[in-house]
Amino acid sequence: MHELSVAQNIIEIVTDFAKKNHAKRVMEVVLDIGAVSGVIPDNLEFAWEVSAKNTIAENALIKINYIEAKAVCLDCKKEFNLDDIYSICEYCLSTRYDIIQGKELKVKSIIIE
Amino acid sequence: MCGTCGCGQSDDQITIRKPGEEVHHEHNHDYNHEHEHEHDDDKHSHHHHHHYKHDHDHTEMNHSHDHDKEHHDHKHNHDHDHHHEHDHSHEHDHSHSHEVKVEQDIMQKNDKLAERNRGYFEAKEIFSLNLVSSPGSGKTSLLEHTIKELKEEMKFFVIEGDQQTMNDANRINATGAPVVQINTWNGCHLDAEMINKAVKKLEVAEKSVLIIENVGNLVCPSLFDLGESKRVVVISVTEGDDKPIKYPNMFMSSNLCIINKTDLLPYVDFNVEKAKEYATRVNHHLEFIELSVKTGEGMDKWYEWLRKNK
């Protein structure tokens, strides 16, 4: 359940930005979570509820932009969607590819008041 | 993580000890402590037991707004550093809410610290390994044998990570290599900050090999860069050969995969080629070494890998 640590990191970032902007509280937190980031959105939402208690972000709504994974095949050079981290290239069936999208773990924006 | 309040791994919880040192695990859940102090961002960058201070009472729930809205059109730049009395009226109605762009990597803090560790290791020519696996794959035995075999050739330093006990550190200590044990208590992984502290305590020498044995867990440690030169994932043939696709992140982020306990292959269903194929799908850069720490078979390849990469 490393999502608890991840949630704590989010709280730190959010608190930092909220204070810099003289926020009274945080209403919403928008995150980018990649499909192969190693973070499970459901676990993160649960961890968030626990971690946000008694912080400026308590009761803030979490919005997760789930970002699909994409890879470029090193053999046929084509780009394809990665359904799983261990997929194969859908064009030439190669297993050699580089992931170009889907590892994101980012706080995009917050809504404060 | 702290199991009681769900906070992250705070500095107080983690213990870093050399063999023979006393335990001083302090873990206070002081929910009711007063929040008179000012929160300085820099100071509370890690520890979260001091739950945020709300010094104004006007949450929607406990603040009755029976006053006329017309009075509240004024703009007020209220500064939240002071306690403001609410005998005057201000209606929020969420009208002040606005979006702030953040665009920050969630793992940024750990990653920055990891880069600091990496810079330190490079400057001192320390070759550092992050050894990851499920519990029971034989990481500590591998280390014991490696140190005994190569200690005339390389200077080893070891950081042991476990939730509890000094057992692994004591085993390494018996080989003569300097070691510190990090106990993460409820935590499921090591992070860059713990390594930073442990390295200072261990006083790692220049041109040495630092081996960090992570907490036995194939999930969480994958996300935390420690600043290591290479990441080594160990699996044993008593596990399933589909481990690489069940826990892909760990295999994706590793440089070398050691398949241990090969002496047991005649008795188990583990298919080495299949395991390698799965792992290669996840990470085509991954190297493999098959060995048995118990019989010594294949250990020479591992030693060779160490000499080559060091």
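Shown above is the structure to which this text applies.
Here's what I pulled together on the structure shown here. (Residues numbered from 1 in each chain as written. Chains lettered and ligands numbered in written order. Predicted model: local features only at pLDDT ≥ 70, side-chain atom pairs only at ≥ 80, totals over all residues. Heavy atoms only, no water.)

**Some thoughts on the packing of helix H1 (residues 108–123) of chain B against helix H4 (residues 192–202) of chain B**
Residue and element names in this part refer to chain B.
And step 1. Between H1 and H4, the shortest axis-to-axis distance is 8 Å and the interhelical angle comes to 30°. Of the two possible hands of crossing, H1 and H4 adopt the one that is left-handed. Here H1 contributes Lys109, Asn110, Leu113, Ala114, Arg116, Asn117, Tyr120 and Phe121 to the contact with H4, which in turn contributes Ala192, Glu193, Ile195, Asn196 and Val199.
And step 2. Looking at the contact of H1 with H4 residue by residue, the class counts come to 7 nonpolar, 3 polar and 3 charged. (Axes fitted to C-alpha atoms, helices over the stretch in contact; angles between N-to-C directions. Helix = DSSP H or I, 4+ residues; strand = E, 2+ residues; numbered from the N terminus. Left-handed = near helix turned anticlockwise from the far one by under 90°. Contact = heavy atoms within 4.5 Å. Nonpolar A, V, L, I, M, F, W, Y, C, P; charged D, E, K, R; others polar.)

**Comments concerning the sheet that holds strand S5 (residues 97–101) of chain A**
Strands in a sheet are paired, the pairing made by backbone hydrogen bonds, and the direction either parallel or antiparallel.
All names here are of chain A.
And step 1. Ordered in space as S4-S3-S5, the 3 strands form an open sheet in which the pairing is antiparallel. Each edge of the sheet is formed by a strand with only one pairing partner; in this case those strands are strand S4 (79–82) and S5. Between one strand and the next, the sheet's axes are offset by a mean angle of 40°, whatever the strand orientation.
And step 2. Bridging between strand S3 (residues 69–73) and S5 involves 4 bridges; their strand directions are antiparallel. Pairing of Val72 across the sheet is with Asp98, part of S5. (Pairing = 2+ DSSP bridges.)

**Description of helix H2 (residues 41–52) of chain A**
Residues and elements named next belong to chain A.
And step 1. Compared with the 16 Å implied by 1.5 Å per residue over 12 residues, the 16 Å span of H2 between its first and last C-alpha is a close match.
And step 2. Considered for burial, the residues of H2 that qualify are Pro41, Leu44, Ala47, Trp48, Ser51 and Ala52. Buried residues along H2 cover an arc of 115° about the axis, so they all sit on one side. Facing away from the buried side of H2 by over 90 degrees, the exposed positions are Asp42, Phe46 and Glu49. (Expected span 1.5 Å × (residues − 1). Buried < 20%, exposed > 50% of the residue type's maximum accessible area, 1.4 Å probe, protein only. Arc of directions from axis to C-beta.)

**Focus: unusual backbone geometry**
And step 1. Unusually for a residue other than glycine, Asn54(A) sits at a positive phi of about 60°.
And step 2. Within the fold, Asn54(A) resides in the loop between H2 and strand S2 (61–67).

**Some remarks on the sheet that holds strand S3 (residues 127–133) of chain B**
Residue and element names in this part refer to chain B.
And step 1. One open sheet accounts for 8 strands, arranged S1-S5-S4-S6-S3-S7-S8-S9; its pairing is mixed. Here the strands that pair on one side only, and so sit at the sheet edges, are strand S1 (15–17) and strand S9 (287–290). On average, each strand axis in the sheet is inclined to that of its neighbour by 20°, with strand direction left out of account.
And step 2. Relative to strand S6 (residues 209–213), S3 is paired through 5 bridges, and the arrangement is parallel. If you follow Phe127 over to S6, its bridge partner there is Val209.
And step 3. Helix H2 (residues 139–150) contacts S3, strand S4 (156–162), S6, strand S7 (230–236) and strand S8 (256–260) of the sheet and is inclined by roughly 170° relative to S4.

**Observations regarding the packing of aromatic side chains**
And step 1. Counting across every chain of the model gives 4 aromatic pairs over all chains.
And step 2. Plain terms: the ring middles of Phe80(A) and Tyr97(A) are 5.5 Å apart, the flat faces sit at 90° to each other, and that makes the pair edge-to-face. Of this pair, Phe80(A) sits in strand S4 while Tyr97(A) sits in strand S5, placing them 17 residues apart in sequence. No difference in accessibility class separates Phe80(A) from Tyr97(A), as the two residues are buried.
And step 3. Where Phe127(B) meets Trp305(B), the ring centres are 6.3 Å apart and the plane angle is 50°; that geometry is what we call tilted. Placement of Phe127(B) in strand S3 and of Trp305(B) in helix H8 (residues 299–309) is noted, with a sequence separation of 178 residues between them. Like Phe127(B), the residue Trp305(B) is buried in the burial classification.
And step 4. Each residue in the set Phe127(B), Trp302(B) and Trp305(B) is aromatic and connected to the rest through ring pairs, giving one cluster.
And step 5. In this structure, Lys20(A) packs its charged tip against the face of Phe17(A), placed 5.2 Å from the ring centre. (Phe/Tyr/Trp six-rings, centres within 6.5 Å; stacked < 30°, edge-to-face > 60°. Lys NZ or Arg CZ within 6 Å of the ring centre and 35° of its normal.)

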